[in-house]
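Structural features, examined
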Amino acid sequence: MNQTLHHNNFCRTNRLQIALIFIPGLLWASIEKKYASKGMLSITWFVMRTFLFGVLSYAILIAIFLMFGIQSDLVTSSATQSDVIPNVHLQDAILATVVSFPSSILWLYIQNYKILTKLLQAIGATKTFGEEDLWDYIFNSANKGVVEYVHVRDFDKELVYSGWVMLFSETDKLRELHLKNVEVSDFSGNTLYEMPWVYLAREPYDVTIEFPRRNG
């Protein structure tokens, strides 16, 4: 009887510990899903990312504790070989959640600016630009002087929209652009009119964009 009760308490404690690990990961994964992920993610994939980011949040928190010499059961239990699951308290979960927010912002920066991809390209490990399509890669480029001013050519109406890209879509359903200080001209180069703002939406297979500005 006592053994069964001990086993039930052990399982209940482990479930609580696992739940506390998921808390900071949920915030991190939600931010990634909203601002970095392309398309729909499966529930299984989201749960896996939540757990992974939760573990990373606690790992960063432990590193901070060790760096500043802060005593915590989280550090002690993590260093104990016999503990399969670290001894996580509610205050640790709160601190890890606080840590997960700036960590998720840094992760967005790494993803959106393709830091890892550029590093691999720099050392010659790959020539690809990642899993996202070329549209996202171009407009997320750090070379803003080249990619921010565009000519959008409409072959059906024989019009050219020239302006500065303020916003662009990150979905494959429509290619959307929000342009500022737009000059609309015909294919002969004659200016027809000017507008302070223009919203353009095209099918992914029906958009032609030119970048007239040279690098440097």
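Residues numbered from 1 in each chain as written. Predicted model: local features only at pLDDT ≥ 70, side-chain atom pairs only at ≥ 80, totals over all residues. Heavy atoms only, no water.

A word on the overall build of the protein chain
For the protein chain, the helix and strand inventory stands at seven helices and five strands. In the protein chain, the succession of helices and strands from N to C terminus is α-α-α-α-α-α-α-β-β-β-β-β. Every one of the 216 residues in the protein chain was classed for burial, and the buried ones make up 30%. Contacts in the protein chain between residues far apart in sequence, at least 24 positions, make up 57% of those at least 6 positions apart. Surface summary for the protein chain: the accessible area is close to 14200 Å², and the carbon and sulfur share equals 62%. (Helix = DSSP H or I, 4+ residues; strand = E, 2+ residues; numbered from the N terminus. Buried < 20%, exposed > 50% of the residue type's maximum accessible area, 1.4 Å probe, protein only. Contact = heavy atoms within 4.5 Å. Areas by Shrake-Rupley, 256 points an atom, 1.4 Å probe, with all protein chains shown as cover.)

Focus on the pattern of salt bridges
Applying the stated criterion across every chain, the model contains three salt bridges. Linking Arg-153 and Glu-210 is a salt bridge whose minimum nitrogen-to-oxygen distance equals 2.7 Å. A residue pair is termed long-range when its members are at least 10 positions apart, and Arg-153 in strand β1 (residues 149-154) and Glu-210 in strand β5 (residues 208-210) qualify at 57 residues. (Salt bridge = Lys/Arg side-chain N within 4 Å of Asp/Glu carboxyl O.)

Digging into the sheet that holds strand β4 (residues 191-202)
Think of a sheet as strands paired side by side through backbone hydrogen bonds, with each pair either parallel or antiparallel. The strand order across the open sheet formed by five strands is β4-β3-β2-β1-β5, and the pairing between neighbours is antiparallel. The strands lining the two open edges of the sheet, one partner per strand, are β4 and β5. Averaged over all adjacent pairs, the angle separating strand axes in this sheet is 35°, with direction ignored. (Pairing = 2+ DSSP bridges. Axes fitted to C-alpha atoms, helices over the stretch in contact; angles between N-to-C directions.)

Some words on the pairing of strand β2 (residues 159-168)
Looking along a regular strand, one sees the side chains alternate between the two faces of the sheet. Summarising the sheet, β1 and β2 pair through six bridges and their orientation is antiparallel. Of the residues in β2, the one forming a bridge with Tyr-149 is Trp-164. Hairpin connection of β1 to β2: four residues between the antiparallel strands, including Glu-158 at a positive phi of 55°. Bridging between β2 and strand β3 (residues 175-186) involves eight bridges; their strand directions are antiparallel. By the bridge assignment, Ser-162 is partnered in β3 with Glu-183.

As for the side chain of Arg-49
Note that Arg-49 resides in helix α2 (residues 43-68). For Arg-49, a relative accessible area of 15% puts it in the buried group. A distance of 2.4 Å separates the side chain of Arg-49 from the side chain of Glu-32, its partner in a polar contact. Look past the residues within four positions of Arg-49 in its chain and what remains in contact with it is Ala-29, Glu-32, Trp-107 and Gln-111. (Polar contact = N/O pair within 3.5 Å; in protein donor to acceptor, adjacent residues only side chain to side chain.)

A look at the packing of aromatic side chains
Taken as a whole and assessed by the stated rule, the structure comprises five aromatic pairs. Relative to Phe-51, the ring of Phe-22 has its centre 5.5 Å away and its plane inclined at 50°; by these criteria the two rings are tilted. Of this pair, Phe-22 sits in helix α1 (residues 2-35) while Phe-51 sits in helix α2, and the two are 29 residues apart along the sequence. Residue classification places Phe-22 among the partly exposed positions, given a relative accessible area of 25%. (Phe/Tyr/Trp six-rings, centres within 6.5 Å; stacked < 30°, edge-to-face > 60°.)

Observations regarding the side chain of Arg-202
Mapped onto the elements of the fold, Arg-202 is located in strand β4. For Arg-202, the side chain forms a polar contact with the side chain of Asp-154, separated by 2.9 Å. Setting aside its immediate chain neighbours within four residues, Arg-202 contacts Asp-154, Tyr-161, Leu-174, Arg-175 and Val-207.

It is worth stressing that arrangement in space is one thing and function is another; only the former is reported here.
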